[in-house]
Amino acid sequence: MLFGFYANAQSREVKGTVISGEDDLPIPGVNIQIKGTTKGVVTDFDGNYSIIVPDNDAVVLIFRFIGLETQEISVGNRSIVDVTLGTDLTTLGEVVVTGVAAATPIKKLPFTVASVGEDIIQQVPAANAGSALAGKLPGVRVRPSNAPGGGPAIQLRGSTSIFGSSAPLIVLDGVLIEGTLADINMQDVERFEVLKGASAATLYGSRAANGVIAITTKRGKDLKVGTTQVMVRNEVAFENAYISRSPNKTLHHSFELNADGSIRVDGTGQGVPRIPNISDQPFPSYTNHVEDFFTGTTVLTNYARIQSRGANSNTMVSFEHQNASGGIPLHDGNRRYNLRFNNDQKLGTRFTLSNSAIFIRTQNDNRSRYIRTLIMMDPSADLNELNENGTPYKFNVNKFSPTSEFNPFYQISNNQASQVRQRIIANSTLKVELTESLFFETAFGVDTWDTNSRSFQDIGYLANQGEPGRGSLARGYSNTLAITTSARLAYVKRIGDLNLRSNLFYQYEDANGESFSVSGRNLGVQGGFDFFGNVTLSPEDGLPFLSAGASNTQQVRADNFSFSVGGDYQERYLFDFVVRRDGVSLFGAEERWQTFFRGSLGYRISEAVKINGIDELKIGASLGTAGGRPGFTDRFERANINNGVISRPTVLANPFLKPNITTEFEGILSMEFLKKWSFNASYSFQDNADQIMSVPISAVTGRTSQVQNAGTLETSTLEISLGYKAVQTSTFGLDFILNFDRTRQEITSFNRPDLPVNGGLGLFSRGGGIYTQLYGVKLVRSLDDLTIRPDGTVANVAGGLTLEDFEINREGYVIRRGTEFTSAESAIMVTDENGVFTQTNIIGNGQPDFFTSLITNFRYKKLNIFMLWEYQNGGNVYNQGAQWLARDQLHPMFDQAGFAPDERKHTSYFLSIYNQNRYTDAWVEDASHVRLRELAFNYDLNNADMTKLGVGSVFKSAKLSFVARNLLLISKYSGFDPSTGSFVLPVDDFNLPLVRNYGASVTLTF
């Protein structure tokens, strides 16, 4: 039993027991304090306490325990005071801790902080923590990687930077994460909190323009005191590419045939074109090589967790192993190991020490998966044919392109590449309760990792343009260490009708890293000798064929200060104000310190006016700023060093470089009604000013460019979430959550010359424009699209032709009249009056019209069925893979066998639509789609069920699950997945195919 002593000439002992009003069980760890003093004790394991108090009738004891109501009890002349603590009803349900001065009930927030808990994210555990949010929240776009071990692309409320990353800041158990979220397993995660915009994320200052995702992991604090819980989960899944969505190819070709029906080839293995060159010849055999390559692989996930809770501490230890290959047996994919330790320890009545640490090791097969050569393969090719030297997988079996599109089986089998990363993320926090209302907290966090990579290609590699390869090898290394330390002073108190939460905060950041790479070529000995001693000497200078790649060392430091105050008056008037000051080494010397602010007001109408059927009604408005930091080299003058010689600098230093500043206004409406419904809506407008970009400068400076703040990107987003608890009984439950969001982005200022990006598919100009528009060449589909000169002639085609000389063909393109079904037939490009085609035509928009998701959760007795559906309406994707298929006459439009002989078209016509791989509107496709992203059948067995099975003495509970990921995709898009490429300029250039995953898992708790 723990005792506290009160120094007083006249004192006495008071003792008693504290129990829970929920289950009448004793509560260890309850804080008991003599009001008006700093003296106190905590209850022991059995809920008992003893405290020395002044010997007078005015003594009041305060009993406090997280999650339960705080009670103040007058002792009077009693020597025994027993207390029952009930549930704290004043918390108003869900509480958030991210982006606010102190823990705040979500109903008392005047701005948006979205959250997702275990009840949703653990239904179908994602491959990693980053992918888990896909489809769960409005305004949160997540594109999971189809490569095992790959991190997802995440975007909150659109882009805030024209050229920079749109990835949000990640905070894991208080640590600012610098590396990938692909390392973090989902079974450890308890909760996500998401700050979608600057109006919510101001507390994170110059790192928060893209929003913030805070992840909280399990700690064992929800267990009953004195208990230990062991949980083991094993999942076995089968995964493979979505084969039925493989891109279609032509069923006929245009080559000459040998007498046996095989394709005649020239000396290089290229098919000999037939005259007339029309694709109506049958293939001697036809194979979908995607099926041969992606035959499916097994994914194993093994997870174990131990949690315990004592009177003054709680602990969680977990281990996870995951092995996934992405459906390709020849590829080793990714193997990941996680080992985690979390602990909270009370030190007396006023100190709490919290520690979190995770060790991660990942092993990646870094070989390419050669999706391009797989899709571009000749359908009649035998990929298992032997080479002339008897080695497996003939390298040049592709009769459509034998010297460039090589056998993917050969390539993947004759290259080696791997990467090993070891990472530690750790955090230690000490919290001190100075008084009942005043708290001090200091924390130290670290995120550090080492990455080692290597690659090797032996002598005699055949898949080259020219002679067999002489062999090569490479090594790479990188190390990053990011440290954050912070101190916080928080004051939380109820003063009459005023609930006040305030926070004074300081944080120091220090991130440094280095990397280098070395490669060698022209190896001397064949046979897998993968070391640098096998690199030969150059006959020209006697030096080894070695080269050093990029070598990089950098360090970033920051000092950040903030003050925040928030609260509510009479439970209805809500307020929140923040000011933050950041000093960051990435800013120019003259702009080293930047200030960010937030002001938010809200009103809980339901606390002032009782409306029939309305359980909660709140409105709020917020205005806040946050920043995006420049890159490490952006502020410097830059020059290259090659062979020990420094070249002339080309980039001028900029001491006035600032972060890009996002100013966001947000209005919110939140409502709960009829005891079953919840409705949340927000509208936000962002002004993303001071965009960071390279700007050409005058030659008189002696330099060619400078990184400046030179543009503005405006964004508006509408978000709606509707929840409905349709049925809630002891045996039956049915819940729905419908999410909707719509984002629009426009460049309103661009203070540099027009800049084509991504090969011209994007175009940013002084005149502004829609940020996500796609630009390129347009093919003429209407006679009105022809350019008519003043003299009446058509400028698009040479020869002085007039409008009457053109017609629209079978495919809907304008051609010269009378050329259809002849070798002269050709699509026509939109041109200017000089007959020069333009590549600045708007040909599409990568931004969807809107995006929705539907979460359904059905429960009958012990069976739970969970589904997550997504729907994207509108938006375009550029199918460059299909355009490449057209280059090699493999696109299905070339197939003419289904037409009458006199209505078959020449390959030259379809090659005019291919258009020499220029970005062309013919290859822009609608990205609308419906997707069943997640499906789960979970069956729970309690201890009584386990007892019936004869194992109740060992296992407390069990869960049997069938889970499926990417089960169904419905779309008119001709590629694997319309949700591919970047969010801004989506291009499908043989991106990895969509991977489907089906599995079963068993979870045992004991």
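By the naming in an unreviewed UniProt entry, the protein goes by SusC/RagA family TonB-linked outer membrane protein and is assigned to Belliella aquatica. In its Subcellular location (unreviewed entry) section, the UniProt entry covering the protein states "Cell outer membrane".

A word on helix 8 (residues 907–914). The element helix 8 is extensively covered by neighbouring structure, given that 6 of its 8 residues are classed as buried. Check the buried side of helix 8 and you find it contacts helix 7 (880–887). N915, located one to two residues past helix 8, shows a positive phi value of around 65 degrees.

Taken in spatial order, the 5 strands line up as 11-16-17-14-15 in an open sheet, and their pairing is mixed. Lying at the two open borders of the sheet, with one neighbouring strand each, are strand 11 (114–117) and strand 15 (175–177). This sheet shows a mean twist of 20 degrees between the axes of neighbouring strands, independent of strand direction.

Moving on, we get to the nonpolar core. Ranked by internal contacts, the top residues of the largest apolar core, which has 58 residues, are I162, F294, L761, Y878 and I913. Elements that contribute at least two residues to this core include exactly helix 3 (289–293), helix 4 (371–375), helix 5 (408–413), strand 39 (692–696), strand 42 (732–750), helix 7 and helix 8. One finds L133, I154, L172 and I184 within the second-largest nonpolar core, a separate group that totals 35 residues.

Relative to the assigned elements, V794 resides in the loop between strand 46 (773–776) and strand 47 (806–808). A residue is classified by how much of its surface remains accessible, and V794, at 0% relative accessible area, is buried. Separated by 551 residues in sequence, V794 and I243 place their C-alpha atoms 46 Å apart. Beyond its immediate stretch of four places on either side in the chain, V794 contacts L786, T787, I788, R789, L801, T802, L803 and F806.

Here D568 shows up in strand 30 (residues 552–569). A distance of 3.5 Å separates the side chain of D568 from the backbone nitrogen of E571, its partner in a polar contact. Filtering out sequence-adjacent residues up to four positions away, D568 remains in contact with K108, D497, L498, N499, R501, Y573, L574 and F575.

Now for the side chain of R233. Residue placement: R233 occurs in strand 18 (residues 227–241). A polar atom in the side chain of R233 sits 2.7 Å from the side chain of E235. A polar atom in the side chain of R233 sits 3.4 Å from the side chain of S1001. Those residues in contact with R233, other than ones at most four positions away along the chain, are P125, Q187, T301, N302, Y303, S1001, V1002 and T1003.

Per the UniProt record, "domain: TonB-dependent receptor plug" (unreviewed entry) is found at residues 106–212. Helix makes up 7% of residues 106–212 and strand 25%, and the two end C-alpha atoms of the span are 17 Å apart.

Let's shift gears to the sheet that holds strand 40 (residues 705–709). With mixed pairing, the 3 strands of this open sheet are ordered in space as 36-40-39. Here the strands that pair on one side only, and so sit at the sheet edges, are strand 36 (651–652) and strand 39. As paired strands, strand 36 and strand 40 are joined by 2 bridges and run parallel to one another. Residue pairing across strands places L652 opposite Q706, the latter belonging to strand 40.

All right, on to a nonpolar patch on the surface then. Taken together, the side chains of I306, V317, F319, L339, F341, F359 and I424 present a nonpolar region at the surface, about 570 Å² in accessible area. Looking at the nonpolar patch, the elements that each hand over two or more residues are strand 22 (313–324) and strand 23 (334–347). With respect to the element layout, F341 can be found in strand 23.

So, on to unusual backbone geometry. Geometrically, the link from I275 to P276 is a cis peptide bond, its omega value of -5 degrees lying close to zero. Positive phi values are uncommon outside glycine, yet E571 reaches one of about 65 degrees. The topology assignment puts E571 in the loop between strand 30 and strand 31 (573–584). Phi at N917 takes a positive value of approximately 65 degrees, unusual for a residue other than glycine. Note that N917 resides in the loop between helix 8 and strand 53 (924–926).

Taking burial as the measure, the 8 residues of helix 7 include 7 buried ones, the bulk of the element. Those residues of helix 7 that fall on the buried side of the exposure criterion are Q880, G881, A882, Q883, W884, L885 and A886. Elements that come into contact with the buried residues of helix 7 comprise helix 4, strand 52 (876–878) and helix 8.

This brings us to the packing of aromatic side chains. Applying the stated rule across the entire model yields 32 aromatic pairs. A centroid spacing of 6.5 Å and a plane angle of 10 degrees characterise the contact between Y724 and F736, whose relative ring orientation is stacked. Of the two residues, Y724 is situated in strand 41 (residues 711–728) and F736 in strand 42; the sequence distance between them amounts to 12 residues. By relative accessible area, Y724 is classed as partly exposed at 24%.

For side chains of opposite charge, pairing can occur when their charged atoms come near one another. Counted under the stated rule, the structure contains 58 salt bridges. Of the charged contacts in the structure, one is a salt bridge between E637 and R703, with a shortest N-O distance of 2.9 Å. With E637 in the loop between strand 33 (614–628) and strand 34 (641–642) and R703 in the loop between strand 39 and strand 40, this residue pair connects regions lying 66 residues apart in the sequence. For R703, a relative accessible area of 17% translates into the label buried. Beyond isolated ion pairs, a larger network of salt bridges with shared partners links K108, R494, R501, D568 and E571.

This next bit is on the pairing of strand 56 (residues 995–1005). Bridge count between strand 18 and strand 56: 11 bridges; the pairing is antiparallel. When the bridges of strand 56 are listed, M231 appears paired with T1005. As judged from the 9 bridges shared by strand 55 (residues 957–970) and strand 56, these two strands associate in the antiparallel manner. The residue bridging S961 from the neighbouring strand is S1001, located in strand 56.

The rules we used
- Residues numbered from 1 in each chain as written.
- Predicted model: local features only at pLDDT ≥ 70, side-chain atom pairs only at ≥ 80, totals over all residues.
- Heavy atoms only, no water.
- UniProt positions renumbered as here; feature names shortened; annotations may be inferred.
- Buried < 20%, exposed > 50% of the residue type's maximum accessible area, 1.4 Å probe, protein only.
- Helix = DSSP H or I, 4+ residues; strand = E, 2+ residues; numbered from the N terminus.
- Contact = heavy atoms within 4.5 Å.
- Pairing = 2+ DSSP bridges.
- Axes fitted to C-alpha atoms, helices over the stretch in contact; angles between N-to-C directions.
- Core = buried A, V, L, I, M, F, W, Y, C linked by side-chain atoms within 4.5 Å.
- Polar contact = N/O pair within 3.5 Å; in protein donor to acceptor, adjacent residues only side chain to side chain.
- Patch = residues over 30% accessible without salt bridge, like charges linked within 9 Å, V, L, I, M, F, W, Y side chains within 5 Å.
- Areas by Shrake-Rupley, 256 points an atom, 1.4 Å probe, with all protein chains shown as cover.
- Salt bridge = Lys/Arg side-chain N within 4 Å of Asp/Glu carboxyl O.
- Phe/Tyr/Trp six-rings, centres within 6.5 Å; stacked < 30°, edge-to-face > 60°.

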